[in-house]
Amino acid sequence: MARGRLRIHLGAAPGVGKTYAMLQEGQRLRAQGADVVIGLVEPHGRRLTAALAEGLETVPRRTLVHRGAAFTEMDLDAVLARHPQVALVDELAHTNVPGSRNTKRWQDVEELLGAGTDVVTTLNIQHLESLNDVVRQITGVVQHETLPDEVARRADQIELVDLLPETLRRRLVHGDVYPPDRVEGALTHYFRLGNLTALRELALLWLADRVEEGLQRYRAEHGITAPWETRERIMVGLTGGPEGETLIRRAARITARTPGSELLALHVVPGDGLAQPTPGALAGQRALVESLGGSYHQTTGEDVPEALLRFAEAENVTQIVLGASRRGRFSPLLRAGVGQRTIHGSGPIDVHIVTHEQAAGAASPRLPRPPRGTGPARRWSATAGAAVLLPLLTLVLIAVRDRVGLPGALMSYLLAVVLAALVGGVYPALATAVAAGLLADYYFTQPLHSLKVTRPVDIVALVVFLTAAWLVGAAAGTAARRTGQALRATSEARALSRLAAAMARGQDLPALLEQVREYFSLTSLSLLQREPGQAAEPRWYVVASTGERPPERPREGEVEAPIADDLTLAARGHALSGGDQRVFAACGTQIGIAHTQGRLTRHAAETDTLAAAERTRASLLLTASHDLRAPLRAVEEALVPLHPTSAGEIRRVATARSAVRRATQLLTDLDDLGRLHAGALDLYLRPVDLDEALTAALDDLGTGGHTLVLRLPEQPPYVLADAALLTRVLTALAADALRHSPPDAPPTLTAEARRGRLRIRITDGTVPGAARAPARADTLPLRLSRDLGEAMGGTLEHTRTGGAFSVTLTLPTAAHRVASSRTGRGRGNSGPPLW
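Numbers given for residues are sequential positions, taken from 1 along each chain in its written order. Totals for whole chains, interfaces and linings use all residues, but because this is a predicted model, local features are given only for residues with pLDDT of at least 70 and pairs of side-chain atoms are given and counted only at 80 or more. Each side-chain value is worked out from all heavy atoms of the structure, with water and hydrogens disregarded.

A. Summary view of the packing of aromatic side chains. Between the rings of Phe, Tyr and Trp (Trp by its six-membered ring), a pair exists once the centres lie within 6.5 Å; its type follows the angle of the planes, with under 30 degrees stacked, over 60 edge-to-face, and the other angles tilted. In this structure the tally under the stated criterion is two aromatic pairs. Ring centres of Tyr442 and Tyr443 lie 4.9 Å apart, and the angle between their planes is 80°; this geometry places the pair in the edge-to-face category. Relative accessibility decides the category of a residue: with a 1.4 Å probe and only protein chains considered, values under 20% of the type maximum give buried, values over 50% give exposed, and everything between is partly exposed. Relative accessible area serves as the criterion here: at 30%, Tyr442 is assigned to the partly exposed category.

Here it is as structure tokens:
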């Protein structure tokens with residue numbers, strides 16, 4: 001079955017008309033003959049929106065009960081069974097009520113798409129996970145309902161529903177967005193003009209980036225490498241040299257003359273090690289680029305011009321700014337400079353060569369710096385250079401043979417051997433030494449033009465020369481190899497330190513991934529996390545990604561670095577060498593740490609928000625309890641002088657007095673609960689006799705004609721508790737059980753000692769199968785009892801067995817029994833009712 005198509009109506013804020021646009025699209029598709037149903041639409045009391053839904057088939061919602069309140073959600077099973085062509089589902093980032101099949105509504109939408117149903121939905125920009133912290137800084141509001149960016153990026157079509165901030169505020173004033181009682185608060189807080197303007201800019205920029213991704217994907221799929229000048233992108237190449245600031249400012253002026261253009265700075269790290277710029281030079285130039293509104297990038301490459309052009313093609317760069325060569329005037333005779341080679345391969349990309357004070361001109365001639373590596377390319381270059389240099393040197397030496405003799409020739413040849421060793425290592429040096437020895441024997445030893453050596457001194461000289469040449473070549477080659485290894489280690493260390501510094505600055509995961517992608521010259525990179533509970537065929541989802549067509553599963557990339565059992569880093573592009581793979585894995589570990597730190601930070605922020613809300617609620621409860629005590633005392637005093645005569649009046653007055661007592665006890669419970677959570681409730685833990693606590697609790701219950709069945713051990717151990725609080729807990733639990741038990745089925749209290757703990761279970765006498773309130777376990781008496789029990793070092797749990805509701809209080813027993821003056825009255829395991 002073909003996967004359905006997802007269309008998202010994206011808005012900057014509530015009230016811009018996303019749901020209205022979604023319903024309009026549904027009506028349009030219905031008029032064209034499509035089978036359209038409403039899976040879920042939230043009109044929020046807006047008449048025009050509700051009117052637009054008329055005529056469209058609506059799948060009835062599913063009702064769920066959570067914490068005593070009824071909520072409605074989309075009935076996913078019903079929509080799947082209906083199997084329409086198009087389903088309209090509002091608020092994609094919504095969190096479903098606990099008890100739903102999926103935690104998030106976008107997961108419901110994924111199931112609909114997998115079943116072949118097209119989905120039209122809505123989304124606000126503030127619900128995107130990558131923009132969550134930015135929205136919080138702008139509006140001061142933490143968005144708890146977030147959507148992974150990858151879900152929105154996979155949409156087949158995203159349509160921006162835009163509205164001017166001034167127009168949205170007018171709609172708000174006219175009551176078209178919120179009810180009248182919420183308008184003033186919304187205008188002065190979330191819907192301020194600056195907030196709406198910033199959110200609108202975020203929506204436009206995010207959508208522009210998605211358009212850019214689509215364009216790059218199209219160019220990649222059709223093999224288009226030439227840049228399309230949809231907008232100017234000016235890239236400046238940095239070496240870390242002193243000319244960098246001049247180049248950056250020149251590129252910034254070019255960018256400023258073209259509205260909408262973008263400035264990028266690129267530093268190419270040689271593949272065999274980082275260049276050695278002036279300490280802090282690159283950091284200063286990076287800061288200058290960012291202060292001018294540009295972005296700094298870094299990549300690796302064996303050949304600098306090739307790396308520059310590869311990056312330029314990947315980023316659709318239209319102009320490149322490079323500095324004039326700082327090499328000597330004779331260097332171009334040996335090899336073309338970076339600027340010339342970049343121009344040669346740039347194609348349609350404009351290349352600007354900018355002069356500067358450090359450009360070559362007055363510089364004295366100097367030899368080219370020997371390369372740092374000894375790979376195959378270096379060895380072939382050294383061999384070819386020796387093949388050219390030795391004949392030329394031989395011709396020169398033959399011309400002055402009478403004056404230099406064999407010793408001078410051997411010293412000259414030794415210089416060629418050293419150069420070959422510096423360029424290509426020990427093997428080209430050894431080959432050069434052998435060739436030089438043969439040339440010296442043929443042209444400078446007697447008899448000339450023969451390989452025969454007759455004089456012993458010439459034999460000794462040639463042997464010493466070959467030995468010295470081999471030793472010098474080996475030493476030079478080893479030094480070059482060790483230098484390359486050291487530079488490679490420096491490159492790896494600096495790459496990891498840059499990543500660690502970016503983490504310390506608080507950069508988000510996409511920015512960190514982009515830094516890793518650029519360093520290894522990869523096409524795309526994804527941080528993938530495996531969904532729990534999937535063993536046979538694990539399902540992965542993208543935590544963050546960067547680049548074109550990022551992999552959505554580990555096997556889709558050419559490179560993979562497992563971070564943890566459920567976390568991995570996957571990349572498209574090219575295979576990495578062993579050393580690069582090691583560094584890539586280390587980068588993956590740091591990315592995993594950043595991901596974990598981000599989750600902990602978000603959890604801490606949510607915890608702080610909940611704690612603040614809890615403190616506010618506790619303060620309101622304390623204020624309300626203090627304000628209500630005076631009216632309750634007045635009502636209680638007013639009931640005292642009443643002396644009813646008829647049975648009906650007596651019953652009503654007794655009911656009123658009981659209600660006042662219950663309300664007073666409720667306020668006391670609220671006060672104690674608030675003081676307990678604030679840590680202001682005094683506890684005095686000591687060994688307490690269960691019999692005494694039960695007797696006090698039964699006295700507090702009073703005479704009411706009810707029955708409570710006690711089943712206690714013969715000698716119950718003392719419990720470690722606060723006597724007053726334990727009595728209060730037992731009273732509250734017994735009263736709650738009596739209140740929910742019929743007269744003919746009394747509740748039962750059972751005590752049982754086990755391994756240093758005493759379990760006190762109170763089971764109500766509700767008839768099995770009888771209807772019961774769903775929020776029974778969340779009542780204030782049970783919650784207060786649970787918190788008081790935990791404060792005394794115990795636990796309180798509730799269970800339902802059949803139709804009976806049981807509450808079990810577990811407390812630690814005292815280490816020894818305390819002497820008691822009670823009489824040892826006998827009692828069996830199931831004695832008669834005590835009260």
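B. Seen up close, the sheet that holds strand E2 (residues 36-40). The rule for pairing is simple: two strands pair if DSSP sees at least two bridges between them. Strands are runs of DSSP state E lasting at least 2 residues, helices are runs of H or I lasting at least 4, and numbering of each runs from the N terminus. Taken together, six strands build an open sheet; the order of strands is E3-E2-E6-E7-E1-E8 and the sheet is parallel. Looking at which strands have only one partner, the edges of the open sheet turn out to be strand E3 (57-58) and strand E8 (157-161). As judged from the five bridges shared by strand E1 (residues 6-11) and E8, these two strands associate in the parallel manner. From the neighbouring strand, His9 faces E8, where its bridge partner is Glu159. Working rule for contacts: check all heavy atoms of both residues, and any pair within 4.5 Å makes them a contact. Convention adopted: a line fitted to C-alpha atoms gives each axis, helices being fitted over their contacting stretch, and angles between N-to-C directions are expressed from 0 to 180 degrees. Sitting on the sheet, helix H4 (residues 105-114) touches E1, E2, strand E6 (86-89) and strand E7 (118-124), and the angle it makes with E6 is about 175°.

C. Region of interest: the pattern of salt bridges. Between Lys or Arg on one side and Asp or Glu on the other, a salt bridge is scored when a side-chain nitrogen of the former is within 4 Å of a carboxyl oxygen of the latter. Tallied over the full model, the rule gives 24 salt bridges. Linking Arg28 and Glu25 is a salt bridge whose minimum nitrogen-to-oxygen distance equals 2.5 Å. Taken together, the residues Arg28 and Glu25, both in helix H1 (residues 18-31) and three residues apart, mark about one turn of the helix. According to the relative accessible area criterion, Arg28 is partly exposed, its value standing at 39%. Of the residues examined, Glu25 reaches a relative accessible area of 10% and is grouped as buried. Note that Arg105 is salt-bridged to Glu73, the shortest N-O span being 3.0 Å. Of this pair, Arg105 sits in helix H4 while Glu73 sits in strand E5 (residues 69-73), and the two are 32 residues apart along the sequence.

D. Local environment of the pairing of strand E16 (residues 559-564). Pairing between E16 and strand E17 (residues 567-572): five bridges, direction antiparallel. Residue pairing across strands places Val559 opposite Ala571, the latter belonging to E17.

E. Representation of the sheet that holds strand E23 (residues 795-801) within the structure. Judged by pairing direction, the sheet is mixed, and its five strands sit side by side in the order E19-E21-E22-E24-E23 without closing on themselves. Every interior strand has two partners, whereas the edge strands, strand E19 (709-711) and E23, have only one. Averaged over all pairs of adjacent strands, the angle between strand axes in this sheet comes to 20°, irrespective of strand direction. Summarising the sheet, strand E22 (residues 757-763) and strand E24 (residues 804-812) pair through seven bridges and their orientation is antiparallel. Paired with Arg757 across the two strands is Pro812, which belongs to E24.

F. Focus on the side chain of Thr342. Note on placement: Thr342 falls in helix H14 (residues 338-345). Note on Thr342: relative accessible area 0%, which makes it buried. Aside from chain neighbours lying at most four places away, what touches Thr342 is Pro305, Leu308, Leu309, Ile320, Leu322 and Val351.

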